[in-house]
Amino acid sequence: MAANLTLDTRETLQSAAIYALNTDIEIMLWCEKEKFPSLELLAQIWFKRIEKQFSRFRTDSELTYINTSKGERTSISDLMLEVLLLAEKYQQMTHGIFNPLILNALESTGYDTSFEKLGNKNRDLVKSVYYASSNSDDTLTITLDPTAHSLQLPAEAEIDLGGIVKSWAVKRLAQKYKHELKIKRGFVNAGGDLYAWGNSSEMGEPWLIGVEDPWQPSQDIGIIALETGSVATSSKLGRQWLTAQGPMHHLIDPRTMRPSISDTVQCTITGPDVIECEIWTKVICILGLNKGLELFAQNTSGYEALLFTKNKETYFYGEKSSLGKLWRDLKTPYFNF
């Protein structure tokens, strides 16, 4: 469905909604109206391709094939290698807190089917999970061979790439629109992992992105006024399900291989790179307020964060000059670090 918010007779703001990767995807591009159907089709084909390769819920996906290798060396595609090299980079940067070898842990908590099929019912947890300390020498890792385009998993582990692949797919598509196809202004959003560029209008107005209130999901707690850059949000409250052992969520702490019990329940980060934003939202939610922000500060520059704790406190990390400009209308008290 295309929107017509034009300031001239040639380029208009066109928009489309796509469903893939078990999430809603939004595309908004300033372009000539007759060109938009092909640009929308490009997005549909791209996200369906990513789903085909990276979904853990499809028996025919490349990821599922890799997870059946049981410790044997396996050939992988160019795209899989690209994502796994990024995953390796962030695993090292975060001291193992970002770790794709968590599929067994996710399934052991009951997250063994796509989220919309989980239902609001108790699920019996019958699988055992290995313990892996991110600070120990025996942490399980993926052995990659970029030259041979192959990998070897630990025999007892399986991969889940849900913590990185959406933002990577957003970045790749946005780069194609922006650099190859010369779309001057646009916006790509996959379930809250988004990249925007070139302002939202020819008048230089920013893209306005609402920050959801974790305690009142139908309301925004503030707005991010983004010109060019990225936003990502992770939450322990959104993807929850009931089990016989109590409620579970999808943010696995690799030190315990159980859902994180830190004091941070939601984190929104904005900065230049959408992949970096997504990684750090998850890391901060897993580590918690103090340790998460400490590691975040040591490894990033040009990124800012809004955190929410289980005590319903709100914390802001960033430049004071960003308040009221980039971060607008924050409706709760906050602390500036």
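Asker: Would you mind going over the overall build of the protein chain in detail, with residue names and values included?
Answerer: Counting its secondary structure elements, the protein chain contains seven helices and 18 strands. Split into buried and exposed, the 337 residues of the protein chain put 56% on the buried side.

Asker: Got a sec to walk through the packing of aromatic side chains? Specific residues and values, please.
Answerer: What the rule picks out here adds up to seven aromatic pairs. Ring centres of tyrosine 195 and tryptophan 197 lie 5.8 Å apart, and the angle between their planes is 20°; on these two criteria the pair is classed as stacked. Of the two residues, tyrosine 195 and tryptophan 197, neither departs from the other in class, the shared state being buried. Three or more aromatic residues link up through ring pairs in this structure, and these residues are Trp46, Phe54 and Trp168. Its guanidinium or amino end placed over the ring of tryptophan 30, arginine 185 lies 4.9 Å from that ring's centre, counting from NZ or CZ. A cation sits over an aromatic face here: lysine 312 above tryptophan 215, 5.2 Å from the ring centre.

Asker: Quick one: what's the story with the pattern of salt bridges, residue by residue and with numbers?
Answerer: With the rule as written, the count across this model stands at 13 salt bridges. Between glutamate 82 and arginine 172 there is a salt bridge, with its nearest N and O atoms 3.0 Å apart. Of the two residues, glutamate 82 sits in helix α3 (residues 78–93) while arginine 172 sits in helix α5 (residues 165–180), which places them 90 residues apart along the sequence. The exposure class assigned to arginine 172 is partly exposed, which follows from its relative accessible area of 29%. Here arginine 255 ties to aspartate 253 by a salt bridge, and the two come within 2.8 Å at their closest N and O atoms. A relative accessible area of 22% places arginine 255 in the partly exposed class.

Asker: Help me get a handle on unusual backbone geometry, residues and values and all.
Answerer: Here histidine 149, not a glycine, exhibits a phi torsion of approximately 55°, which is positive. Looking at the element boundaries, histidine 149 is found in the loop between β4 (143–145) and β5 (150–152). Phi at lysine 312 is positive, roughly 65°, even though this residue is not glycine. By secondary structure assignment, the location of lysine 312 is in the loop between β16 (304–309) and β17 (314–317).

Asker: Can you lay out the sheet that holds β4 for me, pointing to particular residues and giving the numbers?
Answerer: Here three strands make up an open sheet; going across it, the order is β3-β5-β4 and the pairing antiparallel. Two strands in the sheet have a free side with no partner beyond their single neighbour: β3 (74–75) and β4. Across three bridges, the pairing between β4 and β5 is antiparallel. Note on β5: the bridge partner recorded for threonine 143 is glutamine 152.

Asker: Account for the sheet that holds strand β8 (residues 207–213), with residues named and values stated.
Answerer: Taking strand neighbours across the sheet as the criterion, the three strands line up as β8-β9-β18 in an open arrangement whose pairing is antiparallel. Either end of the sheet is taken by a strand with one partner, and the two such strands are β8 and β18 (327–328). Across seven bridges, the pairing between β8 and strand β9 (residues 216–226) is antiparallel. Residue pairing in the sheet places aspartate 213 in a bridge with glutamine 216 of β9.

Asker: Talk me through the packing of helix α1 (residues 36–54) against α5; I want residue IDs and the actual numbers.
Answerer: Two numbers describe how α1 lies on α5: the axes approach to 11 Å, and their chain directions differ by 150°. On the basis of their axis angle, the class for α1 and α5 is roughly antiparallel. As for the relative orientation of α1 and α5, their crossing is right-handed in sense. For the pair formed by α1 and α5, the contact residues are Leu39, Glu40, Leu42, Ala43, Trp46, Phe47, Ile50 and Phe54 on the first element and Val165, Trp168, Ala169, Val170, Arg172, Leu173, Lys176 and Tyr177 on the second.

Asker: Please give an account of the nonpolar core that cites residues and values.
Answerer: In terms of nonpolar packing, the biggest core is built from 73 residues, with Phe47, Ile159, Trp168 and Tyr177 touching the most fellow members. Considering every element that reaches this core, the biggest residue donor is helix α6 (residues 274–287), with ten residues. Those residues within four positions of phenylalanine 47 in sequence are excluded, and the remaining contacts are Ala20, Leu21, Ile25, Ala169, Val170, Leu173, Val188 and Ala190. Within the second largest apolar cluster, 20 residues are counted, among which are Trp30, Ala196, Leu226 and Leu330.

Quick notes on the rules
- Position labels on residues start from 1 in each chain and follow its written sequence.
- Since the coordinates come from a predicted model, pLDDT governs what is reported: local features require at least 70, and pairs of side-chain atoms require 80 or more to be given and counted, while whole-chain, interface and lining totals use all residues.
- Side-chain descriptors were evaluated using all non-hydrogen atoms of the structure, hydrogens and water having been removed beforehand.
- Helix numbering and strand numbering both begin at the N terminus, where a helix is a DSSP run of H or I of at least 4 residues and a strand a DSSP run of E of at least 2.
- Here's how the labels work: a residue is buried when its accessible area is under 20% of the maximum for its type, exposed when over 50%, partly exposed in between, all with a 1.4 Å probe on protein chains only.
- Pairing of aromatic side chains requires ring centres within 6.5 Å, counting the rings of Phe and Tyr and the six-membered ring of Trp. Pairs whose planes differ by under 30 degrees are stacked, by over 60 edge-to-face, and all others tilted.
- Any Lys NZ or Arg CZ that is within 6 Å of a ring centre and within 35 degrees of that ring's normal is treated as a charge sitting over the ring.
- Criterion for a salt bridge: a side-chain nitrogen of Lys or Arg within 4 Å of a carboxyl oxygen of Asp or Glu.
- Whether two strands pair depends on DSSP finding at least two bridges between them.
- Only the stretch in contact is used when a helix axis is fitted, and all axes are lines through C-alpha atoms; the angle between N-to-C directions ranges over 0 to 180 degrees.
- For this classification, under 35 degrees means roughly parallel, over 145 means roughly antiparallel, 65 to 115 means roughly perpendicular, and everything else is oblique.
- What makes a crossing left-handed is the near helix being turned counterclockwise from the far one by less than a right angle; a clockwise turn instead makes it right-handed.
- Here, residues are in contact when the closest pair of their heavy atoms is within 4.5 Å.
- Buried residues of nine kinds, namely Ala, Val, Leu, Ile, Met, Phe, Trp, Tyr and Cys, make up a nonpolar core once their side-chain atoms join them within 4.5 Å.

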